[in-house]
Amino acid sequence: MRITIVGSGNVATHISAALKNAGHRIVQVHSRNLHNAALLAYHVGAEATDDLNALTINTDLFIISVKDDAVVPTIAQLAKYGKLIAHTSGAVELLPMLQFTQQAGVFYPLQTFSKTKELNFREVPMCIEGASEAITKTLEDLARDISNKVYRISSQQRKVLHLAAVFACNFTNHLYGVGEGLLKDSGMSFDMLRPLIAETADKIKERSPFKVQTGPAVRNDETTMAAHLQLLEQQPHLQDVYKMLSQDIIKNHNEVNGDR
């Protein structure tokens with residue numbers, strides 16, 4: 001396919017590279033920052049532009065990879081070209097797209113991306129939704145060119161998936177940062193936690209996270225939890241986080257084990 005990428009961030013960078021490597025042609029890359037557009041365009045052999053009105057009609061698909069609140073306004077501007085348009089957002093529904101075009105779909109990769117870190121895109125789950133069966137099939141086929149894990153999911157399912165990803169990835173990563181800060185304040189390195197994090201992640205490859213939960217909350221070790229809270233007495237906001245998470249772990253542990 002001839003594909004135009006609208007956006008030049010992390011997701012746009014990885015998707016455009018994966019599509020190019022799969023044999024598709026990236027025609028243009030658009031970004032409000034022409035320098036960023038040019039950098040990505042150079043790597044995928046495309047033309048760079050910072051003007052949505054200067055996009056070529058010689059494309060089969062526009063893939064929009066911009067901030068969530070800019071997705072629908074961008075679609076409104078691209079609808080005049082009469083081409084298939086898909087966005088990569090986990091949170092933006094399909095319905096708002098349809099007020100501007102019926103040639104609409106979703107091409108959502110469930111992964112955390114960094115421009116400078118390579119990953120195996122074939123292992124990235126691709127979530128597909130289309131305004132029609134034909135569009136869904138087109139996007140599904142395109143997704144299979146770059147990924148072995150392709151799913152048809154509705155807008156409502158995708159919103160729940162995105163929420164689950166925020167809890168499982170974004171919040172967890174923030175807690176890694178909290179742990180790093182606590183260690184740093186006491187003259188220790190985050191490297192000490194990396195094996196523990198890796199082992200925890202390895203356990204959930206085949207088992208439910210609730211089934212492999214460990215720690216003082218699961219053991220209802222009140223003495224240890226009280227000692228932890230005392231260590232956080234100068235950081236009351238972290239005390240609140242500690243209490244809230246511990247209480248939720250206890251609640252879920254009791255439910256999983258039938259102690260309601």
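The sections below set out a description of the structure shown in this document. The model shown is predicted, which means the values in this text are computed figures rather than measured ones.

Definitions and cut-offs
- Residues numbered from 1 in each chain as written.
- Predicted model: local features only at pLDDT ≥ 70, side-chain atom pairs only at ≥ 80, totals over all residues.
- Heavy atoms only, no water.
- Phe/Tyr/Trp six-rings, centres within 6.5 Å; stacked < 30°, edge-to-face > 60°.
- Buried < 20%, exposed > 50% of the residue type's maximum accessible area, 1.4 Å probe, protein only.
- Helix = DSSP H or I, 4+ residues; strand = E, 2+ residues; numbered from the N terminus.
- Disulfide = S-S within 2.5 Å.
- Salt bridge = Lys/Arg side-chain N within 4 Å of Asp/Glu carboxyl O.
- 1 Å grid on protein atoms, 1.4 Å probe; cavity = no way out; pocket = protein on both sides within 12 Å on 5 of 7 lines; lining within 4 Å.
- Points joined across faces, edges and corners; volume = space filled by probe spheres on them.
- Nonpolar A, V, L, I, M, F, W, Y, C, P; charged D, E, K, R; others polar.

1. So, the packing of aromatic side chains
Per the counting criterion, the structure on display carries three aromatic pairs. Between the aromatic rings of phenylalanine 113 and phenylalanine 121, the centroid separation amounts to 5.9 Å while the plane-to-plane angle is 20°, which identifies the pairing as stacked. Each member of the pair phenylalanine 113 and phenylalanine 121 is classed as buried.

2. Structural notes on the environment of tyrosine 42
You can see tyrosine 42 is positioned in helix 2 (residues 34-44). The exposure class of tyrosine 42 is exposed, given its relative accessible area of 68%.

3. A short note on the state of the cysteines
One pass over the full model with this rule turns up zero disulfides. In this structure cysteine 127 is not part of a disulfide, and its nearest cysteine sulfur, from cysteine 169, lies 14 Å away. Classification of cysteine 127 as buried rests on a relative accessible area of 3%.

4. Remarks on the pattern of salt bridges
Within the structure shown, the criterion is met by 11 salt bridges. Arginine 2 is paired through a salt bridge with aspartate 60; the nearest N and O atoms lie 3.1 Å apart. You can see arginine 2 sitting in strand 1 (residues 2-6) and its partner aspartate 60 sitting in the loop between strand 3 (47-49) and strand 4 (61-64), a full 58 residues away along the chain. The exposure class assigned to aspartate 60 is partly exposed, which follows from its relative accessible area of 29%. Put simply, glutamate 123 and lysine 149 hold a salt bridge, and the shortest N to O gap is 3.2 Å.

5. A short note on the layout of surface pockets
In this structure, the largest pocket spans a volume of roughly 2,600 Å³. Every residue lining the largest pocket is counted, 48 residues in all, and those nearest its centre are Thr172, Leu175, Gln213, Leu245 and Ile249. Looking at the lining of the largest pocket, the elements that each hand over two or more residues are helix 5 (155-185), helix 6 (194-203), helix 7 (222-231) and helix 8 (236-256). Looking at the lining of the largest pocket element by element, the count peaks at 13 residues for helix 5. Considered class by class, the residues forming the lining of the largest pocket number 29 nonpolar, 14 polar and five charged. Put simply, the second largest pocket is a space of about 1,300 Å³. Around the second largest pocket, the lining is made up of 43 residues, and of these Val11, Pro109, Gln111, Thr112 and Phe113 lie nearest the centre. Those elements that place two or more of their residues in the lining of the second largest pocket are helix 1 (10-21), helix 3 (68-78), strand 6 (104-109) and helix 5. When residues of the lining of the second largest pocket are assigned to their parent elements, the largest contribution, six residues, is made by helix 5. Here the lining of the second largest pocket is composed, by residue class, of 18 nonpolar, 18 polar and seven charged.

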